[in-house]
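What follows is each chain in one-letter form.
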Amino acid sequence: MIDAHAKTRLHADLRGTRQAVLSQLDGLSAYDSRRPLTPTGTNLLGLVKHLALWEARYFGEVFGRPFPEPLPRWDDAAARGADMWATEHETRAEITGRYRRAAEHADATIEALAVDARGHVPWWPRPEVTLFDVLVHMLTETSRHAGHADILRERLDGTVASRGRDAAFWADRRAAVERAARAARPEEPPAATG
């Protein structure tokens, strides 16, 4: 049985994970917050923009509580992926402000509805959902992107999200991992396919 305690716990975890994502922008220049750090263009501000859109959508239209700001249609193929990066006309303040407003809207939905409240996600194969389903989904999605943000920030300037460890600790850890990787027994070459 899913109860109000589960809803409270998931909601608290979602709130904390949102803050972890936003904290990765602290102290970064406008360029570093938005520059592509992977071959696919993944960037910190884009992750925040993406999460803002999907929190607004999942805790808005899915439960008949539309977010008061315009959102692109979920089925607009031309707009697909545009939520993963900031244009030159979008500021960090605009994007983080929108994420905070989307989170406030989501929080209001979560607080107003029972954990088993029904919603409809037309882009899912099984579109009939409960608030619990969407809470789990958004916590998973936000946690996944928080992990991406941790790695991107570490690549940018060495900032590490886990508090209580200094740079010397991480340098020693990295050296130990490198030694182990070099000392590992060579693996067999991959089998040929085909």
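Residues numbered from 1 in each chain as written. Predicted model: local features only at pLDDT ≥ 70, side-chain atom pairs only at ≥ 80, totals over all residues. Heavy atoms only, no water.

Just checking my understanding: could you explain the overall build of the protein chain for this structure?
Regarding its fold elements, the protein chain presents six helices and two strands. What you see in the protein chain, going N to C, is helices and strands ordered as α-α-α-α-β-β-α-α. Considered along the principal axes of its C-alpha atoms, the protein chain spans approximately 55 × 45 × 40 Å. A total of 194 residues make up the protein chain; the buried ones form 35% of that total. Across the protein chain, the centroid of the 27 positively charged side chains sits 2 Å from that of the 28 negatively charged ones. (Helix = DSSP H or I, 4+ residues; strand = E, 2+ residues; numbered from the N terminus. Buried < 20%, exposed > 50% of the residue type's maximum accessible area, 1.4 Å probe, protein only. Lys, Arg positive; Asp, Glu negative; His and termini not counted. Charge placed at Lys NZ, Arg CZ, Asp CG, Glu CD.)

Is there a simple way to think about helix α1 (residues 4–23) in this case?
Three or four residues apart is the spacing at which side chains of an α-helix point the same way, because the helix has 3.6 residues per turn. The terminal C-alpha atoms of α1 lie 29 Å apart, and with 20 residues this matches the ideal 28 Å at 1.5 Å per residue to within 8%. Lys7, Leu10, His11, Leu14, Thr17, Arg18, Val21 and Leu22 are the residues of α1 that are buried. Burial along α1 is one-sided: seen end-on, the buried residues are contained in an arc of 135 degrees. In this structure, α1 carries His5, Thr8, Arg9 and Gln19 as exposed residues pointing more than 90 degrees from its buried face. Buried residues in α1 make contact with α3 (44–58), α4 (92–112) and α5 (131–157). The N-capping residue of α1, defined by a side-chain oxygen 3.1 Å from the backbone nitrogen of histidine 5, is aspartate 3. (Expected span 1.5 Å × (residues − 1). Arc of directions from axis to C-beta. Contact = heavy atoms within 4.5 Å. Polar contact = N/O pair within 3.5 Å; in protein donor to acceptor, adjacent residues only side chain to side chain.)

What am I meant to see in the layout of surface pockets here?
Empty space among the atoms can be located by rolling a probe the size of a water molecule over them. Counted as a void, the largest pocket has a volume near 420 Å³. What lines the largest pocket is a set of 22 residues, and nearest its centre among them are Leu53, Pro72, Ala79, Ala82 and Asp83. Sort the elements by how many residues they give to the lining of the largest pocket and α3 lands first, with six residues. Counted by class, the lining of the largest pocket contains eleven nonpolar, two polar and nine charged residues. (1 Å grid on protein atoms, 1.4 Å probe; cavity = no way out; pocket = protein on both sides within 12 Å on 5 of 7 lines; lining within 4 Å. Points joined across faces, edges and corners; volume = space filled by probe spheres on them. Nonpolar A, V, L, I, M, F, W, Y, C, P; charged D, E, K, R; others polar.)

What exactly am I supposed to notice about the nonpolar core here?
Within soluble globular proteins, side chains that are nonpolar generally end up buried alongside one another. Judged by nonpolar contacts, the single largest core of 35 residues is most densely connected at Leu44, Val48, Tyr58, Phe59, Val62, Val134 and Leu135. Of all the elements in the fold, those that place two or more residues in this core are α1, α3, α4 and α5. Look past the residues within four positions of valine 48 in its chain and what remains in contact with it is Val21, Leu22, Leu25, Ile95, Thr96 and Tyr99. (Core = buried A, V, L, I, M, F, W, Y, C linked by side-chain atoms within 4.5 Å.)

Would you mind going over the side chain of histidine 11 with me for this structure?
Here histidine 11 lies in helix α1. The exposure class assigned to histidine 11 is buried, which follows from its relative accessible area of 5%. Non-local contacts of histidine 11, meaning those with residues more than four positions away in its chain, are made with Asp107, Ile110, Glu111 and Leu135.

I'm lost on the packing of aromatic side chains in this one. Help?
In this description, a pair of aromatic rings is defined by centroid distance and the angle of the planes. Under the definition given, this model contains six aromatic pairs. Ring centres of tryptophan 54 and tyrosine 58 lie 5.6 Å apart, and the angle between their planes is 45 degrees; on these two criteria the pair is classed as tilted. Of this pair, tryptophan 54 and tyrosine 58 both sit in helix α3, four residues apart, roughly one helical turn. With relative accessibility at 17%, the residue tryptophan 54 sits in the buried group. Aromatic side chains phenylalanine 169 and tryptophan 170 sit 4.8 Å apart centroid to centroid with 85 degrees between the ring planes, which places their arrangement in the edge-to-face category. When its relative accessible area of 28% is taken as the criterion, tryptophan 170 is described as partly exposed. Connected via pairs of aromatic rings, a cluster forms that spans Trp54, Tyr58, Trp74, Trp123 and Trp124. Lying across the ring of tryptophan 123, arginine 57 places its NZ or CZ 6.0 Å from the centre. (Phe/Tyr/Trp six-rings, centres within 6.5 Å; stacked < 30°, edge-to-face > 60°. Lys NZ or Arg CZ within 6 Å of the ring centre and 35° of its normal.)

Please clarify how the packing of α1 against α5 should be interpreted in this entry.
If you want to describe how two helices pack, look at the angle between their axes and the distance between the axes. Running from amino to carboxyl end, α1 crosses α5 at an angle of 25 degrees, the nearest separation of the two axes being 9 Å. By the angle between their axes, α1 is roughly parallel relative to α5. Viewed along their axes, α1 and α5 form a crossing whose handedness is left-handed. Residue-level inspection shows Lys7, Leu10, His11, Asp13, Leu14, Thr17, Arg18, Val21 and Ser23 of α1 in contact with α5, the latter providing Leu131, Phe132, Leu135, Val136, Met138, Leu139, Thr142, Ser143, Ala146 and Arg153. (Axes fitted to C-alpha atoms, helices over the stretch in contact; angles between N-to-C directions. Parallel < 35°, antiparallel > 145°, perpendicular 65-115°, else oblique. Left-handed = near helix turned anticlockwise from the far one by under 90°.)

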